[in-house]
Structure formats: structure tokens, C-alpha cells
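So you can see what is in the structure, the chains are spelled out below.
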Amino acid sequence: MGIKAALPRYELYCYTVVLFLALLWAGSWIFEASSGNVSRRAFRESVKPGWHYFGRKMDASDFEWVMWFTTFRNHILFALSGHVIFAKICSMVSPRHRSLIYMMYGSLAVLITMGWTYISLILSHCIVLYSVALIKRKWLCFVAGLTSLATFKMEPFNSWQEGIVTGSFDLQDVLFYGGCGFSIMRCMSFALENCEKKDGNYSFMDLIKYNFYLPFFFFGPVMTFDRFHEQANNSNLTRKEREMWNITIHALVHLGAILVVDVFFHFLYILTIPSDLKLVKQLSDWSLAGLAYSNLVYDWVKAAVMFGVINTVSRLDHLDPPQPPKCITMLYVFAETHFDRGINDWLCKYVYDYIGENHDAIFKELVATICTFAVTTLWLGPCELVYIWSFFNCFGLNFELWVAKFFSLPPFSTIERGLMSEAMSRRIRGLFNAVNFWQIVLYNVLALNSLDFAQLVAKRLLFKGFPLSTLSVLFVTYCGVQLIKERERKQALLDDPEPVAPPELGKQKAE
């Protein structure tokens, strides 16, 4: 049935009330666990002084978030502010050469931050992959690129290369691996796009301009070379109507998200509680479900804030960067599950869509997903936890296709089209989507917390909590899925309005 199938309004109101009350209920349990266990050892190690005037401590267990807003905050503001001012002046003076100017500023910032040995290391990998790109063989570009990426993700090569770089400041490890990893992905995009170029080759300077654009250099997102090259070399810098207003609104939204996360970190210790398994075992099933869900939402917020700040700067440079990831709350299919849309776009273009084509053939889809998650495993850094995460997400993506293929066959397709209303079809599909939603949560929470926490949540919800907790959580999830489907239905109607039926012939004659 189509995406435009509607449900009665009163039914949607009931779903909204159920979902709102369930979130409040789960949140109250987490708040109680956060406030009543501050003296535990796990809390003393990761819950630090916070708002003294409210008597609240702060959950500081996420190293990345704390780093961005303490140690790294001034560096980010200084470097990006300098880029914005410098880029604006240069785009006004010489719009044709702005990509070259971006590269010069980015290279200088990286040189000052990391030193000449780091620049030399990055350039050596760029030279190797550029040389391979001139051969114009995609398989060879993949082999060379993945080999280079492996040298930063596997021992002893990563430690050896890190040892070459001089300096020992607090952020060296983070900046080293971030800059190197994203540089290799950009170089592979350049090499693969060069293979598609019919007349001649792109220059080495094109690769350097692409790689050393400062807002994307250390933390991404990865913008494929074809898009960056076209946009960065566009000398027509006129803006669309209300574009600056939209950029300002997005910047304020991200600032608001930072404040909301700060508030939650002072009242709901969602990151510290899962690390204390003794405490977790004492919590209710609703608390565990809320913890698992909130951890994924937080990870999305973190990615959205980081990429949102960078994307705001790149939009000021007249670029159209990859969008922030889609919120986990809005997901009920594996095909849309990602926390870095830049890497997702890269994988889809060069691996997943290239091998899977239209994604209808089961065998091609299986090969495409295996290859995609093999590259993803290398990108994340091969280890036992990443292997498990990759396996389950690869299985989930294929299982969706198998189920869809199975129910598209008679007699199921006949029953749905002939004997079932569109609303009932939407309700039945919503039940399957609710189960799928919790598969996504469980498969991804093990990578965010730990395998032990994911196993505990799965056992409590599927076995010990069956049937009351299992069915109640699924019902609440079903309500959320239907509200998401309603939002998608309204958006589909805006994008593709249904045609207005012509007046009847008799009425036309009477008029």
C-alpha cells in the first residue's frame, strides 16, 4: 500500500498521548536512578561537579562531548572563525580562486596545529593514491585506498605512523586519526571520480584543494569529490532567497541542542548508568528500554551538533554539504540507519549502489551489503565489537529485503490489495516496523555502550519481561511508528499532491 494511506485523527491522538506518557514514565525511572545512586563508585568516576546552584552534578563520561566543549572549544572557535572571516574576504576579492585560498588557509592551520611531519605524512598518502588514480582502474583504486586506510586502523602500522608525528598535546591522537582517516576517504573519492572522467585527469592540485578544506579536514563530513569540485569552483556566489536566514536558524537550533544536552546531562545520567551493570540489573524493564533508546538519541544529537556546526560554516562558503544524520526516532528501516551521512553517501555511491544496483535482487543485495559493511568495519577499526555490530546490521538490512520479497508474493499480496483497506495495511506494516525499530536499537546500542549492556536489555525485553514488558514496549513503539508514518504521509502529500478530480460532465453542461 502507498505511503499516503491515512488513519483516523482520533486514533493518531491516542497514539500521541500513549507515546508522551510512556516517555515521561521511562524518564522518571531514569531520573530516580540518576539521583539515588550518585554515591556509587561508577558514578564517582564519571559524574563530575556541575551546576552547584541547582545541586546537580554532570554526566561527563563521554570523552568526545567533554573534549569539544572544554579543551577543544577555543581551538574550534578560533580556527573556524578565522576561516569564515578569511574566506569571506577572499570570496569577495577573488571568487574564482576561492578553492585555492581555502586550501592555503587549511594547510596553514593543519601545519600550525600538527607540525610539518604530519603534513608530510598526509601528502605521502595523497601522492600514492593520486598516482594510482592516473591508471584509471577502480579495483586498483579500492585496493590502494583500503590498504592506506588499514595502515591507520591496524597495528603496528598506525602506531608507527603516529610515532612519526612530533608533539604531545592533549588532542594529538584525536586530530591525528580523524585527519588521516577522512583524508584517505577523500583521496579514494578523488581516485574513483578520476576513473569516471572521460577526457584527461584531474590535477594533483585539485586533490589538495579538496583534501585541505579546513572545516571538513579533521572531523568530516566526507563530501564526494565531484560535488566539492563543482561547488568550490563555481564563481557565481549569489545566494537563494532567505538562505542566510535559514543558515542562522540552523545555527541557533544547534546551539539550542547543545543547551538541551547540557540540561539532560545534569538530570539524567544516561551514559554512566549502563556502565554499572549491578545497578542496571536492579532497574525496571521500562528503565532499560528508555536507557537503550536515549543512548541512541544522544549519539544522534552529538553527530548532528558536530556536523551541524561544520555544515553551517561550509554553507557560508556557498557549499551544499551532506545533511546531518536522520534521528533514530524517525527510523524503522535499516536502509536509512546511519550516524554519518557523509560516509553513508560515500559508501552508497561507490559500494552499495554500485554493486546492488536497484536493490531488488537478493544475491546482489547480499554481496552489496557484505562489501559495504566490510569497508565500514575497516573504517571504524576492526575489533570484536565492530565485527558483531557489522554482522547484525548487515543481517538486518538483508532480512528487510527477504521479508519484503516474501510478503510481495501471493497469497499475501493478493490479500493486501484485494481484501484489506489502506488503513489496515498501514497498521499491520506498523507492527512489523515496531519490531524492526527495536532490532535497530539493540544492534546499535552494543556499539555505543557495551556488549554486556545490549545482551542484558535483549534478555529483559524478550525473555524475562515477556509478555507484559515486551508487548507494552512494542505497543508504545508501534504508536511512535504510526506518528512517524503520519509525518511522512503529510510530507509526501506536499511533495506530490494528489490530482484534483475533474468536475462531472453533467455539472459542466448545467453551468
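Below is a short write-up of the structure.

Criteria and thresholds
- Residues numbered from 1 in each chain as written.
- Predicted model: local features only at pLDDT ≥ 70, side-chain atom pairs only at ≥ 80, totals over all residues.
- Heavy atoms only, no water.
- Helix = DSSP H or I, 4+ residues; strand = E, 2+ residues; numbered from the N terminus.
- Rg over C-alpha atoms; globule rule 2.2 N^0.38 Å.
- Buried < 20%, exposed > 50% of the residue type's maximum accessible area, 1.4 Å probe, protein only.
- Contact = heavy atoms within 4.5 Å.
- Areas by Shrake-Rupley, 256 points an atom, 1.4 Å probe, with all protein chains shown as cover.
- Lys, Arg positive; Asp, Glu negative; His and termini not counted.
- Charge placed at Lys NZ, Arg CZ, Asp CG, Glu CD.
- Phe/Tyr/Trp six-rings, centres within 6.5 Å; stacked < 30°, edge-to-face > 60°.
- Core = buried A, V, L, I, M, F, W, Y, C linked by side-chain atoms within 4.5 Å.
- Pairing = 2+ DSSP bridges.
- Arc of directions from axis to C-beta.
- Salt bridge = Lys/Arg side-chain N within 4 Å of Asp/Glu carboxyl O.
- Axes fitted to C-alpha atoms, helices over the stretch in contact; angles between N-to-C directions.
- Parallel < 35°, antiparallel > 145°, perpendicular 65-115°, else oblique.
- Left-handed = near helix turned anticlockwise from the far one by under 90°.
- Nonpolar A, V, L, I, M, F, W, Y, C, P; charged D, E, K, R; others polar.
- Expected span 1.5 Å × (residues − 1).

This paragraph deals with the overall build of the protein chain. Along its length, the protein chain carries 23 helices and 2 strands. In summary, the protein chain has a C-alpha radius of gyration of 25 Å against a globular reference of 24 Å for 511 residues, a match within 12%. The principal-axis extent of the C-alpha atoms belonging to the protein chain is close to 80 × 65 × 45 Å. Relative to its 511 residues, the protein chain shows a buried fraction of 48%. A sequence separation of at least 24 residues applies to 76% of the contacts in the protein chain between residues at least 6 apart. When the accessible area of the protein chain is evaluated, it comes to approximately 26400 Å², of which 67% is carbon and sulfur surface. Separation of charge centres in the protein chain, based on 46 positive and 43 negative side chains, amounts to 2 Å.

Counted according to the given criterion, the structure contains 37 aromatic pairs. Where Tyr-130 meets Phe-204, the ring centres are 5.4 Å apart and the plane angle is 70 degrees; that geometry is what we call edge-to-face. On the criterion of sequence distance, the pair formed by Tyr-130 in helix 6 (residues 116-133) and Phe-204 in helix 10 (residues 204-211) is long-range, its members being 74 residues apart. Considering the side-chain rings of Phe-334 and Tyr-443, the 5.7 Å spacing of their centres and the 35 degrees angle between planes classify their relative orientation as tilted. On the criterion of sequence distance, the pair formed by Phe-334 in the loop between helix 15 (285-316) and helix 16 (341-356) and Tyr-443 in helix 20 (residues 422-448) is long-range, its members being 109 residues apart.

Right, let's talk about the nonpolar core for a bit. Counting residues in hydrophobic clusters, the biggest one holds 122 residues, and the most contacted among them are Tyr-118, Phe-218, Ile-273 and Trp-346. Ranked by residue count, the leading element in this core is helix 15, at 13 residues. With sequence-adjacent residues up to four places away left out, Trp-346 is seen in contact with Phe-142, Met-185, Met-188, Ser-189, Val-222, Thr-224, Val-351 and Val-375. Judged by nonpolar contacts, the second largest core, of 7 residues, contains Leu-7, Tyr-15, Ala-434 and Cys-479.

A separate point is the side chain of Thr-376. For Thr-376, the location among the structural elements is in helix 17 (residues 362-380). Apart from residues lying up to four places away in sequence, Thr-376 is in contact with Leu-347 and Trp-389.

The pairing of strand 1 (residues 47-51) with strand 2 (residues 56-59) spans 4 bridges and is antiparallel. Looking across to strand 2, one finds that Pro-49 is bridged to Lys-57.

Among all positions of helix 8 (residues 157-164), only Asn-158, Gln-161 and Glu-162 are buried. Seen from one end, helix 8 has its buried residues packed into an arc of 100 degrees, which puts them on one side. In helix 8, the exposed positions angled more than 90 degrees off the buried face are occupied by Trp-160 and Gly-163. Buried residues belonging to helix 8 abut helix 6, helix 7 (138-153) and helix 9 (172-196).

Under the defined criterion, the tally for this structure stands at 14 salt bridges. Two residues, Glu-11 and Arg-427, come together in a salt bridge whose shortest N-O distance is 2.8 Å. Separated by 416 residues along the polypeptide, Glu-11 in helix 1 (residues 9-36) and Arg-427 in helix 20 bring together distant segments of the chain. We note a salt bridge from Glu-357 to Lys-364, for which the minimum N-O separation is 2.7 Å. Note on Lys-364: relative accessible area 35%, which makes it partly exposed. Salt bridges sharing partners connect three or more residues here, namely Asp-62, Asp-299 and Lys-302.

With that settled, consider the packing of helix 9 against helix 16. At a closest axis distance of 12 Å, the pairing of helix 9 and helix 16 adopts a crossing angle of 30 degrees. Overall, the two elements helix 9 and helix 16 adopt an arrangement that is roughly parallel. The crossing of helix 9 and helix 16 is left-handed. Contact residues: helix 9 offers Phe-182, Met-185, Met-188, Ser-189, Leu-192 and Glu-193, while helix 16 offers Ile-343, Trp-346, Lys-349 and Tyr-350. Classifying every residue of the contact of helix 9 with helix 16 by side-chain character gives 7 nonpolar, 1 polar and 2 charged.

Let's shift gears to helix 4 (residues 73-93). Here helix 4 is 21 residues long and its end C-alpha atoms lie 30 Å apart, about the 30 Å a rise of 1.5 Å per residue gives. Where helix 4 is concerned, the buried positions are Leu-80, His-83, Ala-87, Cys-90 and Ser-91. Along helix 4, the residues classed as buried sweep out an arc of 105 degrees about the axis, all on the same side. Counted as exposed and oriented over 90 degrees from the buried face of helix 4: Leu-77, Phe-78, Ile-85, Met-92 and Val-93. For helix 4, the elements touching its buried residues are helix 5 (98-114), helix 11 (214-217) and helix 15.

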